[in-house]
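Chain residues, written in single-letter form:
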Amino acid sequence: MAASIATVSMQRCGAACSTKPAGQVLVVPALRSAAAAFRASPAAAARRAAPLRAVVAQAVAAPAATPAATSAKSQYELQTLTTWLLDLEKNAVIDNELAAVISSIATACKQIGSLVNRAGISNPHGLAGPENGAGRGPEEAGRHLKRGLRKLPAQQWDGAGSGAAAGLGPGVGLAACGRTGVIASEEEDLPVAVEETFSGEYVVVFDPLDGSSNIDAGISVGSIFGIYEPSPECSIEDMDDPEEMMKKCVLNVCQAGNELLCAGYTLYSSATILVLTVGKGVYGFTFDPLIGEFILSHPNIRIPDKGKIYSFNEGNYQMWSEEQKKYIDSLKYPEKWGGKPYSSRYIGSLVGDFHRTLLYGGIYGYPGDAKNTNGKLRLLYECAPMSMIAEQAGGKGSTGFQRVLDIVPEAVHQRVPLFCGSKWEVEYLESVLQGKPEPK
Ligand SMILES: O=C(COP(=O)(O)O)[C@@H](O)[C@H](O)[C@H](O)COP(=O)(O)O
């Protein structure tokens, strides 16, 4: 972390030191042409010089900023993810172990973002892959995340990101935090225990590349993650029996969302945006490729209480329950909503649909239907992290009948219906599904 702060400081100094005082650049050529004009016609030149004198006076009093000077100034006011995490540590909101895990995930997301941005160039078949719909995108993204969370022994290290060149010794990954005990990915059948850790045994769950079927069309995709403390009765240290160890890993992972220490996602879109919560509000950081840092761009995000956008896959309408159909139908009657019905927006990429809902308000939903009674989204990797973020921003995350964060998973890939977004909108949906009066 210290290294990245030093890098930013040097860039700031570089920009500021190479900038000439702006006034000279603007005013000197103008003075020259004024002097030439005075020589040709002193009276007319004096009249024309009046506004010029004002310009000169202004420039001397406060030199106008060149673009370089402006960016040097605004960089001093920026907060990076690194400094934000350091502030949280200083104020005892999180400890440095958790900060290290978050920082490693952020680094992996930078790598995934670059993979997504280059998808059409570096891989002619696209990240969705020629083999199957799921493709190699999620696999590669998952590899970056796992690499960031583990500390692999030298012989297992594949060289990428190795710290050997930086004098840290072989096998020490620059981005590898080594604070993780158990990792569970949406792309893998079972959670895995991490062979070696420096310290800390955090349990990290993630969906490495959600919405990956959209990649080849250049549509937004994202990574979603959650961080838990290990379950107290499930230590996996010094366990020789692999079967027993696997059971303990599963128990460590199957924790209710209300136990999450941190939840977040990274959206890979027109910008790469990391949104996260450690239980004290929701913060968004936009990746600045010029300095390679996530910059705090959305402090303390609050989801509007109401919003006129719904985001559902209405192609499933015929398979929905009567109550679910009634709810969606009700959004389309202009007279019920003051003359204008709700707008429908659906990307089919949870992170993009959720991010829009978080910023603009409204509701995102993936209900159960006749074919998939619990919907399509996974509790651990999608519904719980998104619900924590929604709640921390003042919204809600519900199955329609239950708070998502209260559900203790019974299986690592359990699915639940998800409705999340603005508080009033989720409560209105619950009222229709449960046959109760509308919220106030
Ligand atoms: O699961 C998702 C995408 O799946 P994918 O990674 O593309 O296989 C979510 O991001 C979507 O929001 C949603 O589940 C899409 O489901 P459909 O609308 O395609 O059924």
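Residues numbered from 1 in each chain as written. Predicted model: local features only at pLDDT ≥ 70, side-chain atom pairs only at ≥ 80, totals over all residues. Heavy atoms only, no water.

Visitor: Looking at this structure, how should I read the site of the ligand?
Guide: Taken together, 14 residues are adjacent to the ligand, and Asp210, Ser213, Tyr346, Leu350 and Tyr366 come closest. In this structure, an oxygen atom belonging to the ligand sits 2.4 Å away from a side-chain N or O atom of Asp210. For the ligand, an oxygen atom lies 3.0 Å from a polar atom in the side chain of Tyr364. Against a free-state accessible area of 490 Å², the protein chains account for coverage of 77% of the ligand. For the ligand, the cavity whose grid points lie within 2 Å of the majority of its atoms is the second largest pocket. Viewed by domain, the shell around the ligand spans two of them, domain 1 (81–119 + 169–301) and domain 2 (309–434), each represented by three or more residues. (Near = heavy atom within 4 Å. Polar contact = N/O pair within 3.5 Å; in protein donor to acceptor, adjacent residues only side chain to side chain. Areas by Shrake-Rupley, 256 points an atom, 1.4 Å probe, with all protein chains shown as cover. 1 Å grid on protein atoms, 1.4 Å probe; cavity = no way out; pocket = protein on both sides within 12 Å on 5 of 7 lines; lining within 4 Å. Sits in = over half its atoms within 2 Å of the grid points. Domains from an automatic or database assignment.)

Visitor: Looking at this model, I keep getting lost on the pairing of strand S8 (residues 293–298). Mind explaining?
Guide: Each regular strand carries side chains that alternate between the two faces of the sheet. Pairing analysis gives five bridges linking strand S7 (residues 283–288) to S8, with the strands arranged antiparallel. Within S8, the position partnered with Phe285 by the bridge is Leu296. Once S7 ends, the chain turns through four residues before running back antiparallel as S8, passing Gly292 with a positive phi of about 70°. (Pairing = 2+ DSSP bridges. Helix = DSSP H or I, 4+ residues; strand = E, 2+ residues; numbered from the N terminus.)

Visitor: Quick question: what am I supposed to make of the UniProt feature "domain: Fructose-1-6-bisphosphatase class 1 C-terminal" (unreviewed entry) in the protein chain here?
Guide: Under the UniProt annotation, "domain: Fructose-1-6-bisphosphatase class 1 C-terminal" (unreviewed entry) lies at residues 303–433. The span residues 303–433 is 34% helix and 12% strand, and its two end C-alpha atoms sit 23 Å from each other. (UniProt positions renumbered as here; feature names shortened; annotations may be inferred.)

Visitor: Is there a simple way to explain the layout of surface pockets in this structure?
Guide: Gaps between atoms show up when a probe of the same size as a water molecule is rolled over them. Roughly 500 Å³ of internal volume is contained in the second largest pocket. Around the second largest pocket, the lining is made up of 23 residues, and of these Glu186, Asp210, Gly211, Lys376 and Glu382 lie nearest the centre. Looking at the lining of the second largest pocket, the elements with two or more residues in it are strand S3 (202–210) and strand S11 (363–366). If one sorts the elements of the lining of the second largest pocket by residue count, S3 sits on top with three residues. Residues belonging to the lining of the second largest pocket are distributed by class as follows: eight nonpolar, seven polar and eight charged. (Points joined across faces, edges and corners; volume = space filled by probe spheres on them. Nonpolar A, V, L, I, M, F, W, Y, C, P; charged D, E, K, R; others polar.)

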